[in-house]
Amino acid sequence: MTLKISVIGTGYLGATHAACMSSLGFEVIGIDVDPAKIESLAAGTIPFYEPGLQELLQSELASGRLSFSADFNTIKDCDVHFICVGTPQVKDGLAADLTYVFGALRSIAPIIKDGSLVVGKSTVPVGTAAKMREELLTVNPSTDLAWNPEFLREGFAVEDTLKPNRLVVGVTNDRAEEILREVYAKSLTEETPWVVADLPTAELVKVAANSFLATKISFINAMAEICEAAGGDVTVLAKAIGYDPRIGSRFLQAGIGFGGGCLPKDIRAFMARSQELGAQQALEFLREIDSINLRARTRMIDLVRKDLSEDLRGKKIAVLGAAFKPDSDDVRDSPALDIAVQIQGAGALVTVHDPKAIENAAKRFPTLGFAESIEECVAGADLVLHLTEWKIYREIDPTALIKLVANAIVIDGRNALDRDKWRNAGWKFRALGRSNI
Ligand code: UDX
């Protein structure tokens, strides 16, 4: 008999997981406490931008295997329950807010059927899974809890879920592993590495991976600072060190740094947890990783002042990009938006363009100026900032654009534009970590 699956929490992770599990042939019910989200998903519309997901959602709804509900009773007879709710940073500290994970567990524990398996996918501080398992077993000793961290990247969510580069399962017994093997049978036939761990290790794998990625980005941004001081070029340096297979070229793109709903909050929650464990010294370096990352935003603003004037009041600045990265409409902790807001705070007249994230950006910062087109955004600008590396910005014709601006200065905050092309078109070109002469 095919397993029946529930997915609790239908945000980024949950909506993707539900649609992907359905595409593997399982009957899936997505549950959320937000009725608006459920209504939208049930009607075939994802409330955020993610390439390929909307189409998959619609075809899975049409197949009859996938449904959404705000009523927890609908999941009673599911065999596996994936918890995919958020763990944001708490308002008064660095730790993760576990209200939603425990809330989800407490909503399902009394109603799920005997023998069913609860699987956590949310990113949690190490030790959470064991606590949840204990609580679940107190309510229903015939059930079980496992941990199966998710590594999906925004912009590649469907691909990362259906073709993961590894599957990690934290279990306390063989039966839980067998059930998860059944869920991921298709990936396993494609020889996806299968890593079986205990609960704490499975939880740690996720935060360790994100800490490593954050470290890689901050490392190259630290090198960018040195290149600026010494007159070097970080893009050439990154290319050269990246050829060493032990280092690798990915995640060495210097610029305004990392943002989004994961990396910043995950490294902070990891630091907070290490303190609780009495092992804070081991993660002291993450404090520096965070500082380098935030400094990249300040360095960008310093470049603006250097190129335009110390006093930014009344200067017209065009900002290309609001999302925390391309192919996403997510503006959570977006370095691009943070820079736009800080420059506006210094008195500049800021107009922001983004192909997908304007609506979310405007909700968060309604006083910023927004433009529907690149042309409208740069019209009469004293300076253009490139802050999210969307493909459409790389395809800009700088010869055409120069006619629209008041001052032909562009600063590339993502080291993604073709410097020679812009310079040849008559622009003064600046970038983080490159000799800015
Ligand atoms: C990340 C992890 O990659 C993923 O495995 C995890 O499940 C969730 O967190 P995501 O937040 O989607 O995924 O974004 P990612 O592609 O990792 O980028 C994070 C940030 O780093 C973005 O702001 C991006 O612009 C920045 N970045 C990335 C750089 O500044 N330089 C790089 O070289 C790479």
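As the structure is a computational prediction, the values presented were derived from the model and not from experiment. (Residues numbered from 1 in each chain as written. Predicted model: local features only at pLDDT ≥ 70, side-chain atom pairs only at ≥ 80, totals over all residues. Heavy atoms only, no water.)

Trainee: Would you mind going over the sheet that holds strand 10 (residues 349-353) with me for this structure?
Mentor: Hydrogen bonds between backbone atoms are what pair the strands of a sheet, whose relative direction is either parallel or antiparallel. Strand order in this open sheet of six strands is 11-10-9-12-13-14, and the pairing throughout is parallel. The open sheet is flanked by strand 11 (369-370) and strand 14 (428-431), the only strands paired with a single partner. In the sheet, strand 12 (residues 383-386) pairs with strand 13 (residues 409-412) via three bridges, with the strands oriented parallel. From the neighbouring strand, V384 faces strand 13, where its bridge partner is V410. Against the sheet, helix 12 (residues 284-307) makes contact with strand 9 (316-320), strand 12, strand 13 and strand 14, and its axis sits at roughly 165 degrees relative to strand 13, the strand it touches most. Against the sheet, helix 13 (residues 335-345) makes contact with strand 9, strand 10 and strand 12, and its axis sits at roughly 160 degrees relative to strand 10, the strand it touches most. (Pairing = 2+ DSSP bridges. Helix = DSSP H or I, 4+ residues; strand = E, 2+ residues; numbered from the N terminus. Contact = heavy atoms within 4.5 Å. Axes fitted to C-alpha atoms, helices over the stretch in contact; angles between N-to-C directions.)

Trainee: Would you explain the nonpolar core in this entry?
Mentor: Soluble globular proteins: nonpolar side chains tend toward being buried together. The biggest cluster of nonpolar side chains holds 50 residues, and the ones touching the most others in it are V304, I317, I343 and L385. Counting residues per element, this core draws most heavily on helix 13, which supplies five residues. Ignoring anything within four residues of it in the chain, the contact list for V304 reads S309, L312, I317, I343, L383, L385 and I411. Residues V7, Y12, F48 and C84 belong to the second largest nonpolar core, which totals 39 residues. (Core = buried A, V, L, I, M, F, W, Y, C linked by side-chain atoms within 4.5 Å. Buried < 20%, exposed > 50% of the residue type's maximum accessible area, 1.4 Å probe, protein only.)

Trainee: What should I look at first to understand the domain arrangement of the protein chain in this one?
Mentor: The figure often quoted for interface size is the accessible area lost as the parts come together. Per the domain assignment, the segments of the protein chain are domain 1 (4-197), domain 2 (207-289) and domain 3 (295-431). The distance between the C-alpha centroids of domain 1 and domain 3 comes to 37 Å. Linking domain 1 to domain 3 there are one salt bridge. Ionic pairing is found between E154 and R332, a salt bridge with its closest N-O pair at 3.3 Å. The interface formed by domain 1 and domain 3 includes four residue pairs in polar contact (both at pLDDT 80 or more). Here the side of domain 1 that touches domain 3 is built from residues that sort into three nonpolar, one polar and two charged. (Domains from an automatic or database assignment. Salt bridge = Lys/Arg side-chain N within 4 Å of Asp/Glu carboxyl O. Polar contact = N/O pair within 3.5 Å; in protein donor to acceptor, adjacent residues only side chain to side chain. Nonpolar A, V, L, I, M, F, W, Y, C, P; charged D, E, K, R; others polar.)

Trainee: Is there a simple way to explain the environment of V378 in this structure?
Mentor: In this fold, V378 is placed in helix 15 (residues 374-378). Taking the relative accessible area as the measure of exposure, V378 reaches 0% and is therefore buried.

Trainee: I tried to follow empty space enclosed by the protein on my own but got confused; where do I start?
Mentor: Scanning all chains against the criterion turns up one cavity of 30 Å³ or more. For the largest cavity, the calculated volume is near 80 Å³. Lining the largest cavity are T87, A96, T123, V124, P125, V126, V207, K265, D266, A269, F270 and R273. Looking at which element gives the most residues to the lining of the largest cavity, the answer is helix 11 (residues 263-276), with five residues. In terms of residue class, the lining of the largest cavity is built from seven nonpolar, two polar and three charged. Three or more residues apiece are contributed to the lining of the largest cavity by two domains, here domain 1 (4-197) and domain 2 (207-289). (1 Å grid on protein atoms, 1.4 Å probe; cavity = no way out; pocket = protein on both sides within 12 Å on 5 of 7 lines; lining within 4 Å. Points joined across faces, edges and corners; volume = space filled by probe spheres on them.)

Trainee: Help me understand helix 2 (residues 35-42) in this model?
Mentor: In an α-helix, one turn spans 3.6 residues, which is why side chains three or four residues apart end up on the same side. Residues of helix 2 that are buried: I38, S40 and L41. Viewed along the axis of helix 2, the buried residues span an arc of 165 degrees, placing them on a single side of the element. Opposite the buried face of helix 2, by more than 90 degrees, sit the exposed residues P35, A36 and E39. Buried positions along helix 2 lie against helix 1 (12-23), strand 2 (27-31), helix 3 (53-63) and strand 3 (66-69). Its side-chain oxygen placed 3.0 Å from the backbone nitrogen of A36, D34 serves as the N-cap of helix 2. (Arc of directions from axis to C-beta.)

Trainee: I'm lost on the packing of helix 4 (residues 99-108) against helix 5 (residues 128-139) in this one. Help?
Mentor: Relative to each other, helix 4 and helix 5 sit at 20 degrees, their axes nearing to 11 Å. Compared by their axis directions, helix 4 and helix 5 come out roughly parallel. Classified by chirality, the crossing of helix 5 by helix 4 is right-handed. Along the contact surface, helix 4 presents V101, F102, L105 and R106, while helix 5 presents T128, K131, M132, E135 and L136. Here the contact of helix 4 with helix 5 is composed, by residue class, of five nonpolar, one polar and three charged. (Parallel < 35°, antiparallel > 145°, perpendicular 65-115°, else oblique. Left-handed = near helix turned anticlockwise from the far one by under 90°.)

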